[in-house]
Amino acid sequence: MSKPFNPKDHFFKKAKEKGFRARSVFKLEELQQRFHLLKRGQKVVDLGCAPGSFLQFAAKIIGPEGRIIGFDIKPVADFHNPLIKTFVASVLEDDIVTVVTQELGVADSIVSDIAPNTSGIGELDHGRSIELNRAIIEISKKTLRPHGDLLLKVFDGGTFPNFIKEAKVLFKEVKVVKPEASRSRSREVYVLCKGFKSNN
Ligand SMILES: C[S@@+](CC[C@H](N)C(=O)[O-])C[C@H]1O[C@@H](n2cnc3c(N)ncnc32)[C@H](O)[C@@H]1O
């Protein structure tokens, strides 16, 4: 049986202690340790970035030669860090491609931990998550450099195998991963898409 939901679990407390804005940071940290997604000097985009723990973590990895821009429907409190810039925008409605192109040219990596408002109805939440992630794939097709990488979070469900098939057409390697900090009762999984095939 899965453990009862505890919003202030070990990862929540650890994030607070270390000055990160959300427990999600430990999912990115684990994925980074295992798959070396982000690299020093990279230009990175974070889609669905609020409150900003991925931005905090990524900024440390890319260092002073890198740049990171984040987008969310919610505003993100300022980091007072010139490497990080955020915009209030929806991946479903706004022209994020133009902003990324103006700010970065092309992105080396795109990360996303985007999540819809959940209803608790598994297939409904899955459908909303897939809709958001399809929009992210469309943005990535226009902003990611050739051989660039994309990290997605998806709520698993009936159309997930099809979604993965579509991602495999666009990327050389596609892996599905469940990090330790991801609650076992949650349907969320991360999809690591490596090596963008820009000719699609
Ligand atoms: C789990 S949180 C992201 C946490 C973030 N990775 C961090 O480390 O702080 C998911 C985010 O997706 C955002 N989101 C949901 N729908 C969106 C949309 N249409 N466009 C942009 N962001 C969206 C939510 O507002 C929420 O802040």
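Just so you know, these numbers come straight off a predicted model, no measurement behind them.

The rules we used
- Residues numbered from 1 in each chain as written.
- Predicted model: local features only at pLDDT ≥ 70, side-chain atom pairs only at ≥ 80, totals over all residues.
- Helix = DSSP H or I, 4+ residues; strand = E, 2+ residues; numbered from the N terminus.
- Rg over C-alpha atoms; globule rule 2.2 N^0.38 Å.
- Buried ≥ 20, exposed ≤ 12 C-beta atoms within 10 Å, placed from the backbone.
- Contact = placed C-beta atoms within 7 Å.
- Near = placed C-beta within 6 Å.
- Pairing = 2+ DSSP bridges.
- Axes fitted to C-alpha atoms, helices over the stretch in contact; angles between N-to-C directions.
- UniProt positions renumbered as here; feature names shortened; annotations may be inferred.
- Core = buried A, V, L, I, M, F, W, Y, C linked by C-beta atoms within 7 Å.
- Left-handed = near helix turned anticlockwise from the far one by under 90°.
- Nonpolar A, V, L, I, M, F, W, Y, C, P; charged D, E, K, R; others polar.

Asker: Whenever I open this one, the overall build of the protein confuses me. Can you help?
Answerer: Along its length, the protein carries six helices and seven strands. Listed by position from the N terminus, the elements making up the protein come as α-α-β-α-β-β-α-β-α-β-α-β-β. Radius of gyration (C-alpha) of the protein: 16 Å, near the 16 Å computed for a compact globule of 200 residues. Here the protein holds 200 residues, and the buried ones make up 40% of them. For the protein, the proportion of contacts with a sequence separation of at least 24, taken over those separated by at least 6, is 66%.

Asker: Help me understand the site of the ligand in this model?
Answerer: Around the ligand lies a shell of 23 residues, among which Ala-22, Gly-48, Ala-50, Ser-53 and Asp-113 are the nearest. Broken down by secondary-structure element, the contributors of at least two residues to the shell around the ligand are helix H3 (53-62) and strand S2 (67-72).

Asker: Explain the sheet that holds strand S4 (residues 107-112) here, please?
Answerer: Two strands in a sheet stick together by hydrogen bonds in their backbones, pointing the same way (parallel) or opposite ways (antiparallel). Spatial strand order, S3-S2-S1-S4-S5-S7-S6: seven strands in an open sheet with mixed pairing. Taken across any chain shown, the strands that pair with only one partner, and hence form the sheet edges, are strand S3 (84-88) and strand S6 (171-177). Along the sheet, successive strands turn relative to each other by an average axial angle of 15 degrees, direction set aside. In this structure, strand S5 (residues 144-155) lies alongside strand S7 (residues 188-196), joined through six bridges in antiparallel fashion.

Asker: Hey, could you run me through the UniProt feature "active site" (unreviewed entry) in the protein in this one?
Answerer: Mapped onto this structure's residue numbering, the UniProt feature "active site" (unreviewed entry) falls at Lys-153. Turning to its location among the elements, Lys-153 is positioned in strand S5. A residue is classified by how many C-beta atoms lie within 10 Å of it, and Lys-153, with 22 of them, is buried. Leaving out residues up to four positions away in the same chain, Lys-153 has contacts with Ser-112, Asp-113, Ile-114, Ala-115, Glu-188 and Tyr-190.

Asker: What am I meant to see in the nonpolar core here?
Answerer: Where a protein is soluble and globular, its nonpolar side chains tend to be buried together. With 50 residues, the main nonpolar core has Leu-47 and Ala-58 as its most contacted residues. A per-element tally of this core places H3 first, with seven residues. Leaving out residues up to four positions away in the same chain, Ala-58 has contacts with Leu-38, Val-44, Asp-46, Ile-68 and Val-111.

Asker: What's the story with the UniProt feature "domain: Ribosomal RNA methyltransferase FtsJ" (unreviewed entry) in the protein in this structure? I'm lost.
Answerer: In the numbering used here, UniProt assigns the feature "domain: Ribosomal RNA methyltransferase FtsJ" (unreviewed entry) to residues 20-196. Measuring from the first to the last C-alpha atom of residues 20-196 gives 30 Å, for a span that is 36% helix and 28% strand.

Asker: Would you mind showing me how to read the packing of helix H2 (residues 25-35) against H3 here?
Answerer: How two helices pack is summed up by the angle between their axes together with the distance between the axes. Running from N to C, H2 and H3 point in directions that differ by 35 degrees, and their axes come no closer than 8 Å. Where H2 crosses over H3, the two elements pack in a sense that is right-handed. For the pair H2 and H3, contact is made by Val-25, Leu-28, Glu-29 and Gln-32 and by Ser-53, Phe-54, Gln-56, Phe-57 and Ile-61, respectively.

Asker: Honestly, the pairing of S7 in this entry has me stumped. Any pointers?
Answerer: The side chains of a regular strand alternate between the sheet's two faces. Bridge analysis of S6 against S7 gives six bridges, and the strand direction is antiparallel. When the sheet's bridge partners are listed, Val-174 is paired in S7 with Cys-193.

Asker: Is there a simple way to think about the packing of helix H4 (residues 96-104) against helix H5 (residues 122-143) in this case?
Answerer: As a packed pair, H4 and H5 sit with axes 10 Å apart at the nearest point and diverge in direction by 35 degrees. The crossing of H4 and H5 is right-handed. Contact with H4, carried on its side by Ile-96, Val-97, Val-100 and Thr-101, involves Ile-139, Lys-142 and Thr-143 of H5 and no other residues of that element. A class-by-class count of the residues in the contact of H4 with H5 yields four nonpolar, two polar and one charged.

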